Amino acid sequence: MKRILLATLLLASCSQGGAPDIQVKDAWARATVAGQSSGAAYMTIANRGSGDDHLVAVSAPAPATAMVHSTSSQGGVSSMSAMDAGLDLPAGGMVELKPLGTHVMIAGLSGPLEAGSTLPLTLQFERSGKRAVQVRIIDATSTGPR
């Protein structure tokens, strides 16, 4: 019985492993037009560490708000929903936030996102804390960063 308990405790302590090493790259969003109060941001989040982590929240400068959304399609109809549980980032893993998939929805923009500018976002991770990200705004007709 003691061996089973010890083995269980050892496995539980290994589940998070060592420290996560979160890296965010290629953050971008499309330009918006006057009167458009929402947009979406995309990026790649990699965990190059030996421990798991979890994206718990995203924030944007007031008055805007930001949250992780997923996109799904059923019967030719696409819909978005907030991912209140955030995103898991396993050790050695990577998550790509992209159009028509998981992305950061930004609502309540006080003005348009203009090509050539940047939008600051803050990503809050369970173990790694806050990470400031500068989202590059690209032309609205572009399919992604180059």
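Residues numbered from 1 in each chain as written. Predicted model: local features only at pLDDT ≥ 70, side-chain atom pairs only at ≥ 80, totals over all residues. Heavy atoms only, no water.

### Examining the overall build of the protein chain
A count of helical and extended segments in the protein chain gives 1 helix and 10 strands. In the protein chain, the succession of helices and strands from N to C terminus is α-β-β-β-β-β-β-β-β-β-β. Residues counted as buried form 35% of the 146 residues belonging to the protein chain. Long-range contacts, defined as pairs at least 24 residues apart, comprise 68% of the intrachain contacts of the protein chain with a sequence gap of at least 6. Of the roughly 8,600 Å² of accessible surface on the protein chain, a fraction of 56% belongs to carbon and sulfur atoms. (Helix = DSSP H or I, 4+ residues; strand = E, 2+ residues; numbered from the N terminus. Buried < 20%, exposed > 50% of the residue type's maximum accessible area, 1.4 Å probe, protein only. Contact = heavy atoms within 4.5 Å. Areas by Shrake-Rupley, 256 points an atom, 1.4 Å probe, with all protein chains shown as cover.)

### Quick word on the pairing of strand β9 (residues 118-125)
Burial of β9 is one-sided: the residues L119, L121, L123 and F125 facing one way are buried, the residues T118, P120, T122 and Q124 facing the other way are not. Relative to β9, strand β3 (residues 53-59) is paired through 4 bridges, and the arrangement is antiparallel. Bridging from a neighbouring strand, L55 pairs with F125 of β9. Sheet analysis places β9 next to strand β10 (residues 129-138), joined by 8 bridges and oriented antiparallel. Looking at the pairing, L119 lines up with V135 of β10. (Pairing = 2+ DSSP bridges.)

### A few points about the pairing of β3
Pairing analysis gives 3 bridges linking β3 to strand β6 (residues 87-89), with the strands arranged antiparallel. The residue bridging H54 from the neighbouring strand is D88, located in β6.

### Section: the packing of aromatic side chains
Enumeration over the complete set of coordinates arrives at 1 aromatic pair. Pairing W28 with Y42 gives two aromatic rings, centres 4.6 Å apart and planes at 40°, and the pair type is tilted. Taken together, the residues W28 in strand β1 (residues 22-30) and Y42 in strand β2 (residues 38-47) connect sequence positions 14 residues apart. (Phe/Tyr/Trp six-rings, centres within 6.5 Å; stacked < 30°, edge-to-face > 60°.)

### Digging into unusual backbone geometry
Of note, the bond from A62 into P63 is cis; its omega dihedral lies within 30 degrees of zero at 10°. Note on placement: P63 falls in the loop between β3 and β4 (65-74). For D26, which is not glycine, the phi torsion reads 55° and is therefore positive. Summarising the element assignment, D26 is placed in strand β1. Unlike most non-glycine residues, L100 shows phi in positive territory, near 65°. Positionally, L100 belongs in the loop between β7 (94-97) and β8 (103-107).

### Quick look at the confidence of the model for the protein chain
Here the protein chain shows a mean pLDDT of 88. Residues at 70 or above account for 89%. Mean pLDDT values over the elements of the protein chain span from 45, in helix α1 (residues 2-14), up to 98, in β9. The low-confidence segment residues 4-14, where pLDDT is below 50, has 0 contacts with residues more than four positions distant or belonging to other chains. (pLDDT = per-residue confidence, 0-100.)

### What to know about the side chain of T32
Considering the arrangement of structural elements, one finds T32 in the loop between β1 and β2. With a relative accessible area of 11%, T32 lands in the buried category. When near neighbours in sequence (up to four residues on either side) are disregarded, T32 contacts S38, G39, P112 and L113.

### Structural notes on the environment of I45
Here I45 is to be found in strand β2. Considered as a pair, I45 and G93 are 48 residues apart in the sequence and their alpha carbons are 8.6 Å apart. In this structure I45 touches I22, Q23, V24, L55, L89, G93, M94, V95, L97, L123 and F125, once residues within four positions along its chain are discounted.

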